[in-house]
Amino acid sequence: MTVATSDLLNLDRIDHQLLHSLLIDGRAPFSLLAEVIGTSEQTIARRYHRLREAGAVRVLVIPTAAGDLLEWIVRIGVRPGAAARLARALAERDDVSWVRIMSGGAEIFCISRPSSLAERDALLLDRLARTNLVTTVAAHAIMKVFADGGAGDWSALDEPLDETQAAALRSTGPASAASAPEPDRARGARPEDAALFAQLHEDGREGYAQLAAAAGITPGRARRRLQALIAGGQAYVHTDLAYELLGFPVTSNLWLSVAPGALEWAGTRLAALEQTTFVAAVTGPANLVATVVGRSATELYEVVTDEVGAIDSIRSAEVSPVIRRVKQAGTVLHGQRFRP
């Protein structure tokens, strides 16, 4: 994929460090971001709103998978010319994320995060099987996630935060900011949760006053509940980046077959690369999946040959280029930008 130079955003150090900061803590106050980056709060607020309105960044708070339900990576073979239509339909589903059209336009990659067994079966066993656009379906259960797009997973920005700056943000991040929950404080759904999540899906940086108004509770209760949900593992803050718009047009999925005894080591090593945004151990003959995001085919080649090739326990590797991103964690894209 190529991106016209005129479409790229003109970013400087403040922009790069702001994006890196949001990957670490998407809900960090503008005042803290300004202190860490070394500029004014007004400048940080103005830069953030510019990036968000340009469709380059979006912060969300996402509920985790319900109970012990597995999340699934689904590879869907489609008839020629049908990929865009089916990908758009999948992207509109709340239980589907990371929708991508792969090389050749004959395959769709997506992740299914069902909230119930019925929702899982409806997609995997019923809807896809009965769609005449689909030729094959292969579902891989996610056993362990090593990287999921956070600040420790992708750090290929030109001028990221240094270690001192990053540590200052991590020390006040969402999990650290909330006091340890009481045994049942964050357990089970509460009446206000649905309204909170709905508001935080529109804007994960929404203030507590706005969250309280949407949920019909006090700002103090909104703050305590959100902190408890995050600290209790029922929700997490995620920052989506429009990589192509930021100058990173090359994305590929790597399907790797790794010796079982080396799976943990190989997954950890791949997650440490600055170009990987997602690494997970999955079921199936290819038991390790990674997503690599970079500036060029040369960079992708170097990752495959120098990094993946150096892991002796990898028995085989399939490189599957992404030709179009349709949806990320919870954000539908319009071309290269997040849809308003």
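Fair warning: this is a prediction, and the values are worked out from it, not measured in the lab.

**Q** Let's hear about the overall build of the protein chain: which residues, and what values?
**A** Helices and strands together make up the secondary structure of the protein chain, namely twelve helices and twelve strands. Relative to its length of 340 residues, the protein chain is compact, with a C-alpha radius of gyration of 20 Å against a globular reference of 20 Å. Projecting the C-alpha coordinates of the protein chain onto the three principal axes gives extents of approximately 50 × 45 × 40 Å. Buried residues in the protein chain amount to 53% of all 340 residues. For the protein chain, the proportion of contacts with a sequence separation of at least 24, taken over those separated by at least 6, is 77%. When the accessible area of the protein chain is evaluated, it comes to approximately 15,200 Å², of which 51% is carbon and sulfur surface.

**Q** Lay out the pattern of salt bridges with the relevant residues and their values.
**A** Enumeration over the complete set of coordinates arrives at 13 salt bridges. Here R75 and E107 are joined by a salt bridge, their closest N and O atoms 3.2 Å apart. Of this pair, R75 sits in strand 2 (residues 72-78) while E107 sits in strand 4 (residues 107-112); the two residues are 32 residues apart in sequence, bridging distant segments of the chain. The pair formed by R75 and E107 is uniform in burial state, with each residue classed as buried. Across the pair E244 and R325 runs a salt bridge, and its minimum N-O distance is 3.3 Å. Remark: R325 occurs in strand 10 (residues 314-325) and E244 occurs in the loop between strand 6 (235-241) and strand 7 (250-258); sequence separation between them is 81 residues. R325 matches E244 in its accessibility class, with the two residues each being buried. Connected through shared salt-bridge partners, D12, D15, R47 and R50 make up one network.

**Q** Break down helix 8 (residues 193-202) for me, with residues and values.
**A** Taken as a whole, helix 8 has its buried residues at D193, L196, F197 and L200. Taken end-on, helix 8 shows its buried residues confined to a sector of 95°, consistent with a single buried face. Along helix 8, exposed side chains directed more than 90 degrees from the buried face belong to A194 and E202.

**Q** Tell me about the packing of helix 2 (residues 30-37) against helix 6 (residues 163-170), residues and numbers included.
**A** Packed helix pairs are specified by the crossing angle of their axes together with the interaxial distance, meaning the distance between the axes. Axis separation between helix 2 and helix 6 bottoms out at 10 Å; the angle between their running directions is 160°. The angle between the axes of helix 2 and helix 6 places the two elements in the roughly antiparallel class. Judged by the twist between their axes, the crossing of helix 2 over helix 6 is right-handed. The residues of helix 6 that touch helix 2, namely those facing L32, L33, V36 and I37, are Q165, A168 and L169.

**Q** Give a detailed account of the nonpolar core, specifying residues and quantitative values.
**A** Counting 36 residues, the largest nonpolar core has L18, L19, L33, I44, W154, L169 and L241 as its most contacted members. Elements with a minimum of two residues in this core: helix 1 (13-24), helix 2, helix 3 (41-53), strand 1 (57-63) and helix 6. What W154 contacts, discounting residues up to four positions off in sequence, is L23, L241, Y243, F248, E274, Q275, T276, T277 and V293. Judged by nonpolar contacts, the second largest core, of 23 residues, contains A87, V96, I101 and V134.

**Q** Describe the sheet that holds strand 4, with residues and values.
**A** If you trace the eight strands once around the closed barrel, you get 2-4-3-10-7-9-8-5, paired in antiparallel fashion. Ignoring which end each strand starts from, the neighbouring axes of this sheet average 35° apart. In this structure, strand 7 lies alongside strand 9 (residues 288-294), joined through seven bridges in antiparallel fashion. Opposite L256, over in strand 9, you have L288 as the bridge partner. Contacting strand 2, strand 3 (96-102), strand 4, strand 5 (134-147) and strand 10, helix 4 (residues 83-91) crosses the sheet at an angle of about 170° to strand 3. In the packing of helix 12 (residues 297-308) onto the sheet, the strands contacted are strand 7, strand 9 and strand 10, and the crossing angle to strand 7 comes to about 20°.

**Q** Account for the packing of aromatic side chains, naming residues and giving values.
**A** Tallied over the entire structure, the rule returns two aromatic pairs. Here F109 and W255 contribute two aromatic rings whose centre-to-centre distance is 6.3 Å and whose plane-to-plane angle is 65°, an arrangement assigned as edge-to-face. Within this pair, whereas F109 is found in strand 4, its partner W255 is found in strand 7, the two being separated by 146 residues in sequence. W255 shares its class with F109; the two are buried. Lying over the aromatic face of Y208, R27 brings its terminal NZ or CZ to 5.1 Å of the ring centre. The ring of Y48 has R205 sitting right over it, with the charged end atom 5.3 Å from the ring centre.

Reading the values: rules and limits
Residues numbered from 1 in each chain as written. Predicted model: local features only at pLDDT ≥ 70, side-chain atom pairs only at ≥ 80, totals over all residues. Heavy atoms only, no water. Helix = DSSP H or I, 4+ residues; strand = E, 2+ residues; numbered from the N terminus. Rg over C-alpha atoms; globule rule 2.2 N^0.38 Å. Buried < 20%, exposed > 50% of the residue type's maximum accessible area, 1.4 Å probe, protein only. Contact = heavy atoms within 4.5 Å. Areas by Shrake-Rupley, 256 points an atom, 1.4 Å probe, with all protein chains shown as cover. Salt bridge = Lys/Arg side-chain N within 4 Å of Asp/Glu carboxyl O. Arc of directions from axis to C-beta. Axes fitted to C-alpha atoms, helices over the stretch in contact; angles between N-to-C directions. Parallel < 35°, antiparallel > 145°, perpendicular 65-115°, else oblique. Left-handed = near helix turned anticlockwise from the far one by under 90°. Core = buried A, V, L, I, M, F, W, Y, C linked by side-chain atoms within 4.5 Å. Pairing = 2+ DSSP bridges. Phe/Tyr/Trp six-rings, centres within 6.5 Å; stacked < 30°, edge-to-face > 60°. Lys NZ or Arg CZ within 6 Å of the ring centre and 35° of its normal.

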